[in-house]
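# Inside the fold
Each chain, letter by letter, is given below.
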Amino acid sequence: MATTPTTTESGSDAGSSTHRLEQQRRENRDAVRALGMNPYGQRTDGLITLAEAKARYDEAADQKFQDAEQTNADARKADPNAPQIEIVDGRPIVKVAGRVMLKRGQGKLIWLQIRDHTTGPAVMIEGQEADDDAGKPAIEPSPFRGAMASDLQIAASKKDVNESSFELVKQLDLGDIVVVEGRLGRTRKGEITVWANNVTMASKSIVPPPEKWSGLQDIEQRYRKRYVDLYTNPEAMQAFKLRSRMMSRMREYLGNQDFLEVDTPVLQAMAGGAAARPFRTHMNALDIDLFMRIAPELYLKRLMVGGMPRVYEFSRNFRNEGVDKSHNPEFTSLELYQAFGNYETMAEIAEGLIRDAASFVASELGDRDDTASGDLVLPYLDHQIDYGRPFDRITYAELFESALGFPMTDTAKAHAEAEKRGLKTKTEDGTQLADILIVNELFEEVAEPTIDPARPTFVFDYPAALSPLTRPDPENPELAQRWDLFIGGMEIGPAYTELNDPDIQEAKFREQLAGIDDEETTFRTFDEDFVNALKVGMPPAGGLGLGIDRLCMLLMNQRTIRDVILFPMMRPEA
C-alpha cells in the first residue's frame, strides 16, 4: 500500500521506479474494485466545500458531545459495570470531496488530509511528525501569500465507518479523490476534523503527486502540468480564481454603463484590425483559407453600423509572433466601442475601469493602501503603482523630445540618432525605412522607458501614419486621435477616435507605408465588406483595447504572462 510518494511529478527516480510506483497504484485500484466500489466514482449530491464544512463546525455541540463521552468514560473507569448515559450527537454532519494530500496512521485509526479549491489557513494533520519543511509555501512569496489551501482533516476510525469504507481508506494513495461523510468535531490538538462514517472513491490517481510539502516547484513543469500545479500550489489556484472574478467585475462595470457584451468570429477571411502576423488555417467544407483573429475591431464596428451603440468583447486573439514574459501568441483582450464618443471618452472609461478593477483586486487580496490623499497603491515587482490619483497624460511629441532632446519632426537627427544607437533603419533588402518608422523606433527604444512605471500614463496623439484606422486630428492631420496606456513598464492598450469616412478608410487600406518588411506588415489586406459597411454609415465613435493578461500581471503582481494564463504556449516536449 503506497501512502507516501518517493518520486516527484517529474520522475526523479529511474523509469523503472516510476513504473513500479504506477503499478502499485494500479494494484490498489484493483483492490478498490474488489471491494465492490467504482474507483472512478459516480454522481454525488449534497457536497459542500471544505471551507464551508469548517464554517459549519459547532463548538457548543462538539463540547456537549465530548463532555458526555468523558462522563461515560469516567463512569466506566470507576465501575466497569456502571450504566452508560445515552449520548445524543448534535454535531453537524457534512459531506465533502477532496484530493488526499497526506495520510497517516495505521491499525484502527487512519488520518487523512484532503484538499479542494477553497482556501483557508494551513493545517497540521493529527499525528504528523515534526518537519522543518512543513507548512512552507510551494512557490516563492506572492500576493496570494494568505491563500493557503483549505485542507480538512479526516479521521477514519474502524469503529465508526463501515467495513468497506475502512478497507478503502487503507488502499488510498496520495492524490486520490474521495468523498467523505461524517460529523464535525475537534481533536485534542484543536484541529477541526470530519469523523468519517462513510468514505467512497471519486477518482483513482495512477501517478504519484509531487513530494508532500514542496508542491510542483519546477517552473516549466508548473506551466506544462497546470492540472498538478493548481492542486499542489494554492497560490496558483487563487490567482486564476481572482482573474475570473476580476473579469466578472469588469463585465459588471461595463454593464452598468449600458455596454452590451457580444461575440465576433475567431475564424476570419481576412486578418484585420491590428498590425500583426496572423495564424493561417484551412476550412475543408468550403475549401477556403482562413485566419485566426488578431483583433475583433472590424466586426465590432460593423455592429455599430447595425445600430448597437455600445459594444464590447473579451476576445481571444491569436498573433503569430514572439513569446516572452509579456507576450503569448494566444491572449485575451477587451475591446469596446462607444458611438458618439472619442479617444478622450475612452481615456475616461479606461481609467475608471482599471481603477475599479484595482480596487476590487486590492480588497480581495487585503493589500489596499489608502494614503492620506486617498490613493490606491498596489505592488508590481519593484514598483508601488498608484491607481487612485488621476492617470498622467503626455503627448507622443512631448515624450519624444523630452527623452531625445530634439523634436520628432527633425528627421535628419532622428536618422543620425537611430544609426548611432544601432536601431533598424532599413528593411532586409536594404530599402530605407520611412521617416516616421525611424522616429517610432527611437520612440519605443528611448522614450517609452522614461515613463514612470509607478504612474499609469496615457501617451496621446500618435503620428497618423502609424494608425491607419484612426481619425486624424482636425487641427493637425499628421497626428492621429490615438493614445496608448503604459503601466508598470508595459503597454496595456491603445484607444482611438475611430475613422468612419468610407472614402478615407478605403484610401488608408490601399495605402502602404514605404519600407515596411514582412515582419511589420500593417493593413495590407483590403476589406471591401468593411468599407461597404462604413458606406451604410457608422456613427462617430471611440474605441478601446486593453490587454487583460497584462492587466492581471499588474494587479496581481505576477512576473510573467505565463503566471496568469492557465495554459500558456510551450514548446512541445520531445
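Residues numbered from 1 in each chain as written. Predicted model: local features only at pLDDT ≥ 70, side-chain atom pairs only at ≥ 80, totals over all residues. Heavy atoms only, no water.

For the rest of this paragraph, the subject is the overall build of the protein chain. What the protein chain contains, in helices and strands, is 15 helices and 20 strands. The burial tally for the protein chain puts 50% of its 574 residues in the buried class. Sequence separation of at least 24 residues holds for 71% of the intrachain contacts in the protein chain that already meet a minimum separation of 6. Carbon together with sulfur atoms contributes 48% to the accessible area of the protein chain, which is approximately 27,200 Å² in total. (Helix = DSSP H or I, 4+ residues; strand = E, 2+ residues; numbered from the N terminus. Buried < 20%, exposed > 50% of the residue type's maximum accessible area, 1.4 Å probe, protein only. Contact = heavy atoms within 4.5 Å. Areas by Shrake-Rupley, 256 points an atom, 1.4 Å probe, with all protein chains shown as cover.)

Our next topic: the pattern of salt bridges. This structure, assessed with the given rule, holds 32 salt bridges. Salt-bridge contacts for D160 lead to K159; the nearest nitrogen and oxygen are separated by 3.3 Å. Residue R482 is joined to D484 by a salt bridge in which the shortest nitrogen-to-oxygen separation is 3.1 Å. Take R482: its relative accessible area is 11%, and that puts it in the buried class. Its relative accessible area of 2% is what places D484 among the buried residues. Where salt bridges share partners, they join D89, R91 and R183 into one cluster. (Salt bridge = Lys/Arg side-chain N within 4 Å of Asp/Glu carboxyl O.)

This part is about the side chain of R550. You can see R550 is positioned in helix α15 (residues 548–556). No salt bridge is formed by the buried R550; its nearest oppositely charged neighbour, E491, is found at 5.2 Å. In this structure, R550 is in contact with S326, H327, M490, E491 and I492, ignoring residues within four places of it in sequence. (Lys, Arg positive; Asp, Glu negative; His and termini not counted.)

The five strands are arranged β1-β2-β3-β5-β4 in a closed barrel whose pairing can be described as mixed. When strand polarity is set aside, the average angle formed by the axes of neighbouring strands in this sheet is 55°. Taken together, the six bridges between strand β2 (residues 109–115) and strand β3 (residues 152–157) define a ladder with antiparallel strand orientation. From the neighbouring strand, W111 faces β3, where its bridge partner is A155. (Pairing = 2+ DSSP bridges. Axes fitted to C-alpha atoms, helices over the stretch in contact; angles between N-to-C directions.)

Counting through the fold element by element, R293 comes out in the loop between β9 (288–292) and α8 (297–306). Classification of R293 as buried rests on a relative accessible area of 2%. Taking C-alpha positions, R293 is 7.9 Å from R319, a pair spaced 26 residues apart along the chain. Apart from residues lying up to four places away in sequence, R293 is in contact with T264, P265, V266, Q268, E313, S315, R316, N317 and F318. Among the polar contacts made by the side chain of R293, one reaches the main-chain carbonyl oxygen of R316 at a distance of 3.0 Å. (Polar contact = N/O pair within 3.5 Å; in protein donor to acceptor, adjacent residues only side chain to side chain.)

To continue, consider unusual backbone geometry. Among all residues save glycine, negative phi is the norm, and among peptide bonds the norm is trans. With a phi angle near 65°, F340 is a residue other than glycine that sits in the positive phi range. Within the fold, F340 resides in the loop between β11 (330–339) and α9 (343–365). A relative accessible area of 68% places F340 in the exposed class. The phi dihedral of L381 falls on the positive side, at around 55°, and the residue is not glycine. With respect to the helices and strands, L381 occurs in the loop between β12 (377–380) and β13 (383–386).

Purely geometric numbers; function is a separate question.
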